Every structure is written in C-alpha cells, then in structure tokens.
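Here are the chains, one letter per residue:
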Amino acid sequence: MVGSETLKQIEGLAMENDSETAAIQGVAYMDGRWMKLSEAAVPILDRGFVRSDATYDVAHVWKGRFFRLMDHVERFQASMAGLRMSLPLTGQEIADIMIECASRSGLRDAYVQVTCTRGLPPVGTRDPRLCRNRLYAFAQPFVWIADETQRREGLRMILSHTQRIPPESLDQRIKNFHWLDLTMGIFEAYDRDATIALLPAADGTVTEGPGFNVFVVRDGALATPARGMFEGITRRTVMEIAEALQMRVEVRPVEAREVAEADEIFISSTAGGIMPVVNYEGRSVGDGRPGTLTRRMEELYWARHEEPALSTPVSYVD
C-alpha cells in the first residue's frame with residue numbers, strides 16, 4: 001500500500017514533469033497524426049522503446065532551408081533496410097513529412113528527426129516479423145553539441161575508458177538508439193572536466209563520440225576513422241570540401257596516439273557543423289586555440305548551406 005506522503009511526492013513529480021513538457025517547442029508526426037511536440041508519445045509496448053529496436057536520422061534546417069535532406073533520407077532508408085524494417089512510403093514522401101514538420105513548427109533553424117520503430121508485437125508473441133513498423137518525426141529548435149562560447153573558444157575532449165560497441169556486434173553505419181556506451185562516455189567527460197568524449201576500439205584505434213565524428217590534422221593532411229563509427233553527412237561534407245581544396249584526406253584506422261600528436265582536432269556533426277577541439281586529455285592541442293584549417297572548414301561548411309543543389313527550402317505559413 002502506497003502511503004499518503006509517497007503519493008504526494010509522486011503527484012509533485014508529475015506536476016513538475018507536466019511543466020517541463022509544456023515548455024517543449026516544436027511539432028511531431030506520430031504514426032499518421034500531427035500534434036504538438038509536447039503532446040507526442042510512443043506506445044510503451046513499442047519495441048523501439050522496450051528493446052531499442054529502432055533506427056533514426058536527423059537533418060537540420062538552417063535559415064529556412066534543409067541541408068542535404070535527401071542524403072539524410074537515403075541514409076535513413078539504408079538503416080531501415082539493414083534492420084529489416086520497411087515503411088509504405090517513398091523517400092520523397094518521408095522527406096515531405098520532415099519538411100511539413102519544419103513548416104508547421106515555424107522554426108527557421110531546426111533539428112528534424114525521423115524515426116522508424118519495430119512497432120508493437122501481437123499479443124502473445126515476440127516475433128519481430130509480425131510487427132508493423134511505425135514512423136515518427138518531429139521538429140524542434142536547432143540543437144547544438146556545444147554552446148556559443150565552446151564553439152568560439154574550442155572544446156575539451158578526453159579519450160574515454162569505455163570502448164565503443166564493436167561493429168561485429170552492431171553495424172555502426174546503421175543509426176540506432178544503442179547509446180549506453182556513448183552515454184557513459186558523456187558522464188566520464190564531465191567527471192574529468194571535459195566537454196566531450198571520444199570512444200576507443202579494442203585495438204587501440206579511435207571511433208567516434210556521442211553524436212559526432214572526429215578529424216585529426218597533421219602536416220596539412222586530414223585523417224578520420226574508417227570503421228566502428230557512424231558515417232556522418234557532415235563528415236562526408238568535410239571530405240568533399242577537402243577534396244575541393246586539394247587536401248589529402250585519409251579514411252583509415254586512426255591510432256589514439258595520433259590524436260594526442262595532432263596539429264589540430266575538430267569534430268563534425270549535424271548538431272553544430274564543424275567544431276574545434278583545443279584540449280585533449282588535459283593537454284593543449286597546438287597553441288590551445290582553434291586551428292586555422294578548422295576555422296576554414298567551418299566557414300566553408302556553412303557557406304555550402306547556400307548552395308541550391310545541397311539545400312531544400314521550407315515553405316512557411318506566416
């Protein structure tokens with residue numbers, strides 16, 4: 001029997017949660033229905049919730065235009081195929097739902113996520129083949145990995161003691177909700193007075209961090225890990241910019257010691273673009289300020305958002 005004081009505490013927590021939820025800004029599409037993001041919820045028995053049996057992708061809207069929207073949609077479809085999921089929607093129809101999320105939200109700078117879950121299993125079975133896969137999408141204000149000061153002055157990064165889940169267990173090229181290793185890395189970064197964590201593989205190479213890829217610069221050349229991490233669209237954009245600048249880019253195993261010896265380090269993410277790392281494992285990277293090449297990459301990355309071939313305008317109703 002729950003005591004009266006305990007019930008009061010539970011009710012107080014519920015009211016606090018309701019207040020936090022009401023402050024959420026954005027729009028959601030939940031398996032065929034539109035609603036405020038603050039009202040969106042996934043069924044508690046959906047395997048996406050109880051088994052992390054889901055895949056997702058995130059695109060961003062900047063100044064009223066999606067950046068590389070169809071690249072994100074195509075990657076989302078590839079992730080679904082990798083997990084043996086399917087939806088009765090074309091790539092363009094998925095893109096249209098994402099555009100509509102942004103349009104209905106009114107947000108000119110937005111984070112737009114699309115998710116496919118396995119769905120609810122029929123009563124009395126665990127057979128994932130019998131589930132109807134579900135589509136969820138939402139738009140919310142643009143999400144940054146780093147705040148304005150950190151983007152300007154640079155990030156502090158550590159090499160986590162937590163190893164990344166190996167690709168032999170889970171293909172990291174499939175975007176997924178299996179974030180416990182990454183989340184432990186986040187806690188460790190904060191425990192060690194850093195902002196972000198880079199996760200190693202068992203063989204002494206590095207992989208990625210929570211929501212970002214990493215690049216190291218040495219003698220004017222770029223290197224980025226080839227295995228054990230998610231292949232980001234921003235990472236792809238960095239490599240295309242480097243190619244246009246006739247810079248050497250090596251996609252290969254990157255040893256942890258190479259990161260420590262780098263002239264510059266930067267990370268890439270849809271949630272923030274190109275961001276400099278100025279301190280690694282408690283030691284300054286270069287002169288302890290964002291590097292010249294990093295800043296050049298950052299400038300060219302945002303400039304690409306203006307290119308018609310890479311951006312999709314959102315029609316808003318004012």
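The structure contained in this document is the topic of the report that follows. (Residues numbered from 1 in each chain as written. Predicted model: local features only at pLDDT ≥ 70, side-chain atom pairs only at ≥ 80, totals over all residues. Heavy atoms only, no water.)

1. Observations concerning the overall build of the protein
Within the protein, the secondary structure is distributed over nine helices and 15 strands. Against the 2.2 N^0.38 benchmark of 20 Å for 318 residues, the protein shows a C-alpha radius of gyration of 21 Å, consistent with a compact globule. C-alpha atoms of the protein, sized along the principal axes, occupy 60 × 50 × 40 Å. Here the protein holds 318 residues, and the buried ones make up 49% of them. Sequence-distant contacts in the protein: of pairs separated by 6 or more residues, those separated by 24 or more amount to 70%. On the protein, roughly 16300 Å² of surface is accessible, and the fraction owed to carbon and sulfur atoms is 51%. Taking the average location of the 36 positive side-chain charges in the protein and that of its 45 negative ones, the two points are 3 Å from each other. (Helix = DSSP H or I, 4+ residues; strand = E, 2+ residues; numbered from the N terminus. Rg over C-alpha atoms; globule rule 2.2 N^0.38 Å. Buried < 20%, exposed > 50% of the residue type's maximum accessible area, 1.4 Å probe, protein only. Contact = heavy atoms within 4.5 Å. Areas by Shrake-Rupley, 256 points an atom, 1.4 Å probe, with all protein chains shown as cover. Lys, Arg positive; Asp, Glu negative; His and termini not counted. Charge placed at Lys NZ, Arg CZ, Asp CG, Glu CD.)

2. Concerning the pattern of salt bridges
Taken as a whole and judged by the stated rule, the model has 27 salt bridges. E208 is the salt-bridge partner of R164, the closest N and O atoms lying 2.9 Å from each other. Of the two residues, R164 sits in the loop between β7 (155–159) and α6 (180–191) while E208 sits in the loop between β8 (196–198) and β9 (213–218), which places them 44 residues apart along the sequence. With respect to burial, R164 and E208 carry one shared label: buried. Salt bridges here are not isolated pairs; linked through shared partners, they connect R68, D71, R236, E240 and R304. (Salt bridge = Lys/Arg side-chain N within 4 Å of Asp/Glu carboxyl O.)

3. Thoughts on the packing of aromatic side chains
Scanning all chains against the criterion turns up eleven aromatic pairs. Considering the side-chain rings of F67 and Y301, the 5.6 Å spacing of their centres and the 80° angle between planes classify their relative orientation as edge-to-face. With F67 in strand β4 (residues 65–67) and Y301 in helix α9 (residues 292–303), the pair connects residues that are 234 residues apart, well separated along the chain. Pair check on accessibility: F67 and Y301 agree, each one buried. (Phe/Tyr/Trp six-rings, centres within 6.5 Å; stacked < 30°, edge-to-face > 60°.)

4. Here's the deal with the nonpolar core
Counting residues in hydrophobic clusters, the biggest one holds 27 residues, and the most contacted among them are V61, F66, L69, F76, M98 and V112. Sort the elements by how many residues they give to this core and helix α4 (residues 91–105) lands first, with seven residues. In this structure M98 touches A59, F66, L69, V73, V112 and V114, once residues within four positions along its chain are discounted. (Core = buried A, V, L, I, M, F, W, Y, C linked by side-chain atoms within 4.5 Å.)

5. With respect to a nonpolar patch on the surface
A cluster of nonpolar side chains, namely V42, I44, L45, F49, V50 and L120, defines an oily patch on the protein surface of about 560 Å² accessible area. Overall, the relative accessible area of 55% leaves F49 in the exposed class. (Patch = residues over 30% accessible without salt bridge, like charges linked within 9 Å, V, L, I, M, F, W, Y side chains within 5 Å.)

6. Some words on the side chain of T115
Within the secondary structure layout, T115 lies in strand β5 (residues 110–117). Within the local environment of T115, its side chain forms a polar contact with the side chain of Q113, the two groups lying 3.1 Å apart. When near neighbours in sequence (up to four residues on either side) are disregarded, T115 contacts A54, T55, Y56, F76, R134, L135, Y136 and F177. (Polar contact = N/O pair within 3.5 Å; in protein donor to acceptor, adjacent residues only side chain to side chain.)

7. Considering α9
Across its twelve residues, α9 extends 17 Å between first and last C-alpha, which sits within 8% of the 16 Å expected from 1.5 Å per residue. Taken as a whole, α9 has its buried residues at L293, T294, M297, E298, L300, Y301 and W302. (Expected span 1.5 Å × (residues − 1).)

8. Things to note about the pairing of strand β1 (residues 27–30)
Residues V27 and Y29 point to one face of β1 and A28 and M30 to the other, with burial holding for every one of them. For β1 and strand β6 (residues 134–141), the ladder comprises four bridges, and the chain directions are antiparallel. Across the sheet, residue A28 finds its bridge partner in β6, namely F138. Note: β1 against strand β2 (residues 33–36), four bridges, orientation antiparallel. When the bridges of β2 are listed, V27 appears paired with K36. Here β1 folds back onto β2, and the loop between the two strands holds two residues, one of which, D31, carries a positive phi near 55°. (Pairing = 2+ DSSP bridges.)

9. A few points about the packing of helix α7 (residues 233–244) against α9
For the pair α7 and α9, interaxial distance at closest approach is 10 Å and the crossing angle is 105°. Of the possible angle classes, the one that applies to α7 and α9 is roughly perpendicular. When α7 is examined against α9, the residues T234, T237, V238, I241 and A242 are found in contact with a partner set consisting of M297, L300 and Y301. Of the residues belonging to the contact of α7 with α9, the class tally is six nonpolar, two polar and no charged. (Axes fitted to C-alpha atoms, helices over the stretch in contact; angles between N-to-C directions. Parallel < 35°, antiparallel > 145°, perpendicular 65-115°, else oblique. Nonpolar A, V, L, I, M, F, W, Y, C, P; charged D, E, K, R; others polar.)

10. A closer look at the sheet that holds strand β3 (residues 54–62)
In space, the seven strands of this open sheet follow the order β2-β1-β6-β5-β3-β4-β15, with antiparallel pairing throughout. What marks the edges here is a single partner per strand, and that holds for β2 and β15 (311–313). Strand-to-strand, the axes of this sheet are offset by a mean angle of 25°, without reference to chain direction. Its contacts with the sheet put α4 on β1, β2, β3, β4, β5, β6 and β15, and the angle it makes with β6 is roughly 35°.

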